[in-house]
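Results of the structural survey
Next come the chains, spelled out residue by residue.
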Amino acid sequence: MDKRDAIGSWLSGPRAAAEEAGVDFGYRGEQLGLPEEGPGSVARPGRRLGALAVDWGLCLLIAYSLITDGYTPSTSNWTLLVFLVLSLLTVGTVGFTPGKRLFGLRVVSVETGTVRPLGSLIRTVLLCLAIPALIWDRDGRGLHDRLARTVEVRI
């Protein structure tokens, strides 16, 4: 191996170097038995972030107008609490929040296809902590999804 190849593989990352060596990683969701594209495929990060932004904006609007009656230092805390309740109630019952529905996403259990209330609780609490949501596996599932045994798919 030439020195330039070694430096190039370091700059492009370990995945690119492994793919160059012939390792096949497959597509997101292949290990879960999900299709590569279309309905039922793993949701892309852009859609997920868009849905999260819509949900957070809705929760901020509720906290701002109904609970704190204007912006105060506690508005952010109330927003997080409203987000927790909204996610628990909607994901635990119908499988999506208003933002997820707007972006065509749904949360499903890997085993059964429907999210159990305990799985919804685990997923939502970890999502509110934010750190588990920033750690992803190769299927695009965050740590909160892995621990709750769920996956976010396109409708």
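Computed from a predicted model, the values in this text were never measured in an experiment.

Here we come to the overall build of the protein. Across its full length, the protein carries seven helices and two strands. Written out in order from the N terminus, the α and β elements of the protein read α-α-α-α-α-β-α-α-β. Counting the 155 residues in the protein, one finds 36% classified as buried. Relative to all contacts within the protein whose residues are 6 or more apart in sequence, the contacts with residues 24 or more apart total 60%.

Among the surface-exposed residues, Leu118, Leu121, Ile122, Val125, Leu129, Ile131, Leu134, Ile135, Leu143 and Leu147 lie close enough to one another that they form a single nonpolar patch of about 910 Å² accessible area. If you list the elements that add at least two residues to the nonpolar patch, you get helix H6 (117-129) and helix H7 (143-148). Element by element, the count of residues in the nonpolar patch is highest for H6, at five residues. By the secondary structure assignment, Leu129 is in helix H6. Take Leu129: its relative accessible area is 54%, and that puts it in the exposed class.

Our focus in this paragraph is the environment of Val115. Here Val115 shows up in the loop between strand S1 (105-109) and H6. The class of Val115 is buried, set by a relative accessible area of 10%. It is 10.0 Å that separates the C-alpha atoms of Val115 and Phe96, two residues lying 19 residues apart in sequence. Residue contacts for Val115: discarding those within four places in its chain leaves Val91, Gly92, Val107, Val108, Ser109, Ser120 and Thr150.

Running from N to C, helix H3 (residues 45-67) and helix H4 (residues 75-93) point in directions that differ by 120°, and their axes come no closer than 8 Å. Judged by the inter-axis angle, H3 sits oblique to H4. Note that H3 runs across H4; the crossing there is right-handed. Of the residues in H4, those touching H3 at Leu52, Asp55, Trp56, Cys59, Leu60, Ile62, Ala63, Tyr64 and Ile67 are Thr75, Trp78, Thr79, Leu80, Val82, Phe83 and Leu86. Each residue belonging to the contact of H3 with H4 can be placed in one class, and the counts come to 13 nonpolar, two polar and one charged.

Bringing the pairing of strand S2 (residues 150-154) into the picture now. Burial within S2 is extensive, with four of its five residues counted as buried. Across five bridges, the pairing between S1 and S2 is antiparallel. Note on S2: the bridge partner recorded for Leu105 is Arg154.

Procedures and definitions
- Residues numbered from 1 in each chain as written.
- Predicted model: local features only at pLDDT ≥ 70, side-chain atom pairs only at ≥ 80, totals over all residues.
- Heavy atoms only, no water.
- Helix = DSSP H or I, 4+ residues; strand = E, 2+ residues; numbered from the N terminus.
- Buried < 20%, exposed > 50% of the residue type's maximum accessible area, 1.4 Å probe, protein only.
- Contact = heavy atoms within 4.5 Å.
- Patch = residues over 30% accessible without salt bridge, like charges linked within 9 Å, V, L, I, M, F, W, Y side chains within 5 Å.
- Areas by Shrake-Rupley, 256 points an atom, 1.4 Å probe, with all protein chains shown as cover.
- Salt bridge = Lys/Arg side-chain N within 4 Å of Asp/Glu carboxyl O.
- Axes fitted to C-alpha atoms, helices over the stretch in contact; angles between N-to-C directions.
- Parallel < 35°, antiparallel > 145°, perpendicular 65-115°, else oblique.
- Left-handed = near helix turned anticlockwise from the far one by under 90°.
- Nonpolar A, V, L, I, M, F, W, Y, C, P; charged D, E, K, R; others polar.
- Pairing = 2+ DSSP bridges.

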